[in-house]
Every structure is written in structure tokens, then in C-alpha cells.
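Structural features, examined
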Amino acid sequence: MELIAWRAFVTACQLGSLSAAAAELGYTQSAVSRQIAGLERRLGTPLVQRHVRGVRPTPAGEVFLHHALVVLKEFDRAIGAVRDVRDGALSRPLTVGATPSLAAGIVPAAIRRLVDGAGPLRWRLLPGLSPQLHDRVIAGDLDVAVVTDAPPGLPNDPRVERRFLGMDEMVVVLPVGHTWAGRGPVHIQALANQTWVEDNDGSAALLRQHAARAGVTTHIDLTAADLPGKVALVATGHAIALIPGVLTCALRTDVTTVTLVDPPTRGIYMITPRRAPHPSATPLFDQLVSAFGPRRPTPVALSPGESRPC
């Protein structure tokens with residue numbers, strides 16, 4: 001029942017060495033070599049190329065590796081699902097992906113309501129950017145992803161089902177004590193000459209597009225590694241930043257926000273694989289609608305030190 005030859009080939013490619021693959025799998029090096037040779041005979045073409053430092057896949061091996069990874073992943077999931085049923089766990093764990101801003105409040109709140117209403121549920125929450133999360137749904141790593149259509153947008157992929165949750169209005173986060181703290185809405189022209197910080201291309205594109213529509217140019221002079229890093233640069237007075245409105249409920253207390261006139265927006269979606277969706281996907285969607293719904297109106301500006309409940 002084990003896909004021994006496939007696993008030997010994949011492990012050798014991933015580690016770049018037959019000896020390392022043998023140590024990882026608990027086989028001898030000659031056994032790993034025989035398994036790969038058997039695959040090559042069956043397929044009628046070499047799958048690995050040996051060199052002084054180990055092995056690497058041939059062009060045919062690269063193609064086979066892509067599909068082998070999917071097969072092995074599904075095989076392991078299938079074995080795990082059967083064991084869950086055997087051991088009395090009636091449903092497999094729910095693996096949810098979400099963008100950093102949504103993982104900071106909206107998604108955990110929805111999962112909390114799901115667990116409270118439906119009973120115990122094993123689950124994991126993995127943050128990431130929308131394109132990465134989309135790919136992980138396709139690969140079978142995620143059962144659900146909560147993503148946005150901010151640039152570069154979402155692909156129209158027939159392998160996933162996309163369900164709309166609502167529109168999110170972007171806001172500007174400022175250090176406490178900033179001239180515009182507690183005021184607004186403000187026109188982007190009033191903030192154009194400020195120093196801005198961004199952490200990803202999508203948010204930067206929304207800011208530049210919004211400024212261009214108003215006939216001004218913003219100066220994105222600082223780059224942060226991630227969303228918490230961006231907010232930290234704002235809190236310490238180095239810059240201001242554009243952030244998702246859904247994040248305002250989870251902001252630290254040493255920053256505040258101000259709304260923009262005619263702010264940039266992004267659509268929020270839940271995506272799931274069309275094939276064999278997790279049984280908790282639809283109940284989670286219902287809870288996400290409930291958790292996201294109160295934020296559909298235009299968010300109000302926060303006073304310094306004030307936070308909005310999630």
C-alpha cells in the first residue's frame with residue numbers, strides 16, 4: 001500500500017542526495033537507488049541525474065516530481081483520515097489560511113463562533129499573502145483560505161470555489177500625537193508629502209492608485225518585512241501607512257487611524273477546493289459573514305489610544 005518508490009524519488013530530489021534520502025527513510029542507499037531505477041524503467045526515461053555532490057531531477061524528473069508531491073500528499077491525507085475514523089475522530093482537522101490582517105481578528109473570531117456552536121474542532125490557522133494562500137488551496141495544504149482581491153488580484157481558477165464576504169475600506173494608521181490623529185475623513189492630498197511605509201506590493205499599489213486618482217504622488221520611502229513591522233514603524237514616528245480597515249480592532253494602543261475620503265477598497269473572499277471540500281467549510285463561511293458583516297459600513301476614525309472591539 002505504501003508508495004515506496006515514489007517517496008524514495010521525492011525524498012532524494014528534495015535532499016539532493018541518495019544517501020541523505022536513505023537516512024531520512026530508514027533504507028540503505030542501494031535500496032533507494034533500486035526504487036528510483038525501477039521507476040525509471042517503468043516510465044522509460046531517466047528521472048534523476050547523478051553528479052559529484054548528489055542527484056538532481058532531469059527535465060522529465062521535474063515533471064514527475066510535481067505530480068508525485070501531490071499524490072504523496074493526498075495519500076498521507078487519506079491514511080490520516082482513515083486513522084481518524086478508526087480512532088473515533090469523525091472529522092479531519094480544518095486547516096485555514098488567511099492574510100495577516102484577517103488572521104489578526106476576523107478569522108479567529110469566526111472560528112471561535114464555529115467552535116462554540118458546533119462543538120470541539122481541531123483546526124490550524126496559517127497566515128500568508130493571497131497568491132500564496134490560493135496556491136496552497138490548490139495544492140491541498142489548506143481546506144479554506146480567506147483572501148483579498150488587492151493587487152495583483154485573484155485568478156479565475158475553476159479548481160476553487162470563491163465566495164464573497166464583503167468590501168474592506170483601507171484606512172491610514174498614524175502615530176499617536178500626529179496632526180490628523182482623531183480627525184477625518186481626510187483627503188489624500190493632505191497626507192501626500194508624509195513619509196509612508198509599506199510591507200507588500202498589493203498595499204503599495206492601492207496607495208499609489210488612490211493618490212494618482214487624486215492627482216498627487218505619495219512617497220513610500222520605507223519598507224517593512226511584514227504587517228506588525230509596518231505598524232511598529234508608524235508607532236515610533238518614522239512613517240504613516242495604509243492598512244486594512246478590518247485590522248483596526250487589533251491595533252496596538254500607541255497608534256491611531258484616520259479614514260480617507262473615497263478610500264481604496266478591496267474585496268474579501270473565502271476560497272475552498274471544489275473537489276472534496278472540508279465539511280466545516282460552509283459553517284465557517286456563515287460565521288465569517290457574521291464576523292465580517294458589522295464592518296461593512298465606513299469605519300470611523302479612532303481617537304488616540306482608542307481601539308475598536310473585534
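Our subject in this report is the structure included herewith. In every chain, residue numbers begin from 1 and rise along the written sequence. The predicted origin of the model limits local features to residues at a pLDDT of at least 70 and limits the giving and counting of side-chain atom pairs to 80 or more, whereas totals for whole chains, interfaces and linings rest on all residues. To obtain the side-chain values, all non-hydrogen atoms of the structure were used and water was disregarded.

Secondary-structure assignment places Y27 in the loop between helix 2 (18-25) and helix 3 (29-43). A residue is classified by how much of its surface remains accessible, and Y27, at 36% relative accessible area, is partly exposed. Note: C-alpha distance between Y27 and V48 (21 residues apart in sequence) is 18 Å. In this analysis, two residues are considered to be in contact whenever any of their non-hydrogen atoms come within 4.5 Å of each other. Not counting residues within four places of it along the chain, the set of residues in contact with Y27 comprises I4, A22 and V32. A run of DSSP states H or I qualifies as a helix once it reaches four residues; a run of E qualifies as a strand once it reaches two. Both are numbered from the N-terminal end. Whether a residue is buried, partly exposed or exposed follows from its accessible area with a 1.4 Å probe, protein chains only, as a fraction of its type maximum: under 20%, in between, or over 50%, in that order.

Counting buried residues in strand 11 (residues 265-273) gives 8 out of 9 residues, a clear majority hidden from the surface. The pairing criterion for strands is at least two bridges between them, as found by DSSP. Inspection of the sheet shows strand 5 (residues 144-148) paired to strand 11 by 4 bridges, in the antiparallel sense. Bridged to T148 within strand 11 is I268.

The next point concerns the pattern of salt bridges. Salt bridges are defined by distance alone: a side-chain nitrogen of Lys or Arg within 4 Å of a carboxyl oxygen of Asp or Glu. Scanning the entire structure with this criterion turns up 10 salt bridges. With its nearest N and O atoms 2.6 Å apart, the salt bridge here joins K73 to D141. Of the two residues, K73 sits in helix 4 (residues 59-86) while D141 sits in the loop between helix 7 (130-139) and strand 5, which places them 68 residues apart along the sequence. For D254, the salt bridge is made with R252, and the minimal N-O distance between the two is 2.7 Å.

Nonpolar core, defined: a set of buried Ala, Val, Leu, Ile, Met, Phe, Trp, Tyr and Cys residues in which side-chain atoms within 4.5 Å join the residues together. By size, the foremost hydrophobic cluster in this structure holds 24 residues, and its most contacted members are L102, V107, V144, V146, L284 and L288. At the level of elements, strand 3 (94-98), helix 5 (100-103), helix 6 (106-118), strand 5, strand 11 and helix 10 (281-292) are the ones that each hand at least two residues to this core. Beyond its immediate chain neighbours, meaning those up to four positions away, V144 contacts L94, T95, V96, G97, V137, M270, I271, T272, A281 and L284. Counting 19 residues, the second largest nonpolar core, distinct from the first, contains F9, L39, V55 and L72.

A word on the packing of aromatic side chains. Only Phe, Tyr and Trp rings are paired, with Trp represented by its six-membered ring, and only when their centres lie within 6.5 Å; those with planes under 30 degrees apart are stacked, over 60 edge-to-face, the remainder tilted. Counted by the stated rule, this structure contains 3 aromatic pairs. Between F9 and F64, the ring centres sit 5.4 Å apart and the planes meet at 55°, which makes this aromatic pair tilted. Pair noted here: F9 is in helix 1 (residues 4-15) and F64 is in helix 4, with a separation of 55 residues, a long-range link. Every member of this aromatic cluster is reached through a ring pair, and the members are W6, F9 and F64. Criterion for a charge above a ring: Lys NZ or Arg CZ within 6 Å of the ring centre, and within 35 degrees of the ring normal. Directly above the ring of Y269 sits R162, whose terminal nitrogen or CZ lies 5.4 Å from the centroid. For the cation-ring pair, R183 lies above W180, with the distance from its terminal atom to the ring centre recorded as 4.1 Å.

Along the polypeptide, A232 turns up in helix 9 (residues 227-235). Look at A232 and you get partly exposed, because its relative accessible area is 26%. For the pair A232 and T253, spaced 21 residues apart in the sequence, the C-alpha separation amounts to 11 Å.

Structurally, the position occupied by A250 is in the loop between strand 9 (241-244) and strand 10 (255-258). Once the C-alpha coordinates of A250 and A104 are considered, the two residues, 146 residues apart in sequence, prove to be 6.4 Å apart.

Another point: helix 6. Between its first and last C-alpha, helix 6 extends 18 Å over 13 residues, near the 18 Å set by a 1.5 Å rise per residue. Of the residues making up helix 6, those classed as buried are I106, V107, A110, I111, L114 and V115. Buried positions in helix 6, seen along its axis, are confined to an arc of 165° and lie on one side of it. Of the surrounding elements, those touching the buried residues of helix 6 are strand 3, helix 5, strand 4 (123-127), strand 5 and helix 10. Backbone geometry just after helix 6 places G119 at a positive phi near 100°. Multiplying 1.5 Å by the residue count of a helix minus one yields the expected span of that helix. Summarising the geometry, the arc corresponds to the directions from the helix axis toward the C-beta atoms.

All right, on to the packing of helix 1 against helix 2 then. Axes are the key here: two packed helices are described by the angle between their axes and the distance separating the axes. The geometry of helix 1 relative to helix 2 is characterised by a closest axis approach of 8 Å and an angle of 125° between their N-to-C directions. As summarised for this structure, helix 1 and helix 2 are arranged oblique, according to the angle between their axes. Here the hand of the crossing between helix 1 and helix 2 comes out right-handed. Contacts from R7, A8, T11, A12 and L15 of helix 1 reach helix 2 at L18, A20, A21, E24 and L25. Residues were grouped as follows: Ala, Val, Leu, Ile, Met, Phe, Trp, Tyr, Cys and Pro as nonpolar; Asp, Glu, Lys and Arg as charged; and all remaining residues, including Gly, as polar. Of the residues assigned to the contact of helix 1 with helix 2, the class counts are 7 nonpolar, 1 polar and 2 charged. Note on method: axes are straight lines fitted to C-alpha atoms, helices fitted across the in-contact stretch only, with angles between N-to-C directions ranging 0 to 180 degrees. An angle below 35 degrees is read as roughly parallel, one above 145 as roughly antiparallel, one from 65 to 115 as roughly perpendicular, and any other as oblique. Should the near helix be turned anticlockwise from the far one by less than a right angle, the crossing is termed left-handed; should it be turned clockwise, right-handed.

Turning next to unusual backbone geometry. Residue P151 is joined to P152 through a cis peptide bond whose omega torsion reads 15°. You can see P152 is positioned in the loop between strand 5 and strand 6 (160-175). Positive phi outside glycine occurs at D262, with the angle close to 50°. On the secondary structure map, D262 appears in the loop between strand 10 and strand 11. Taking relative accessible area as the criterion, D262 reaches 58% and is therefore assigned exposed. Its identity is not glycine, yet A276 carries a phi of approximately 50°, on the positive side. With respect to the helices, strands and loops of the structure, A276 is situated in the loop between strand 11 and helix 10. Accessibility expressed as a relative area gives 56% for A276, which makes it exposed.

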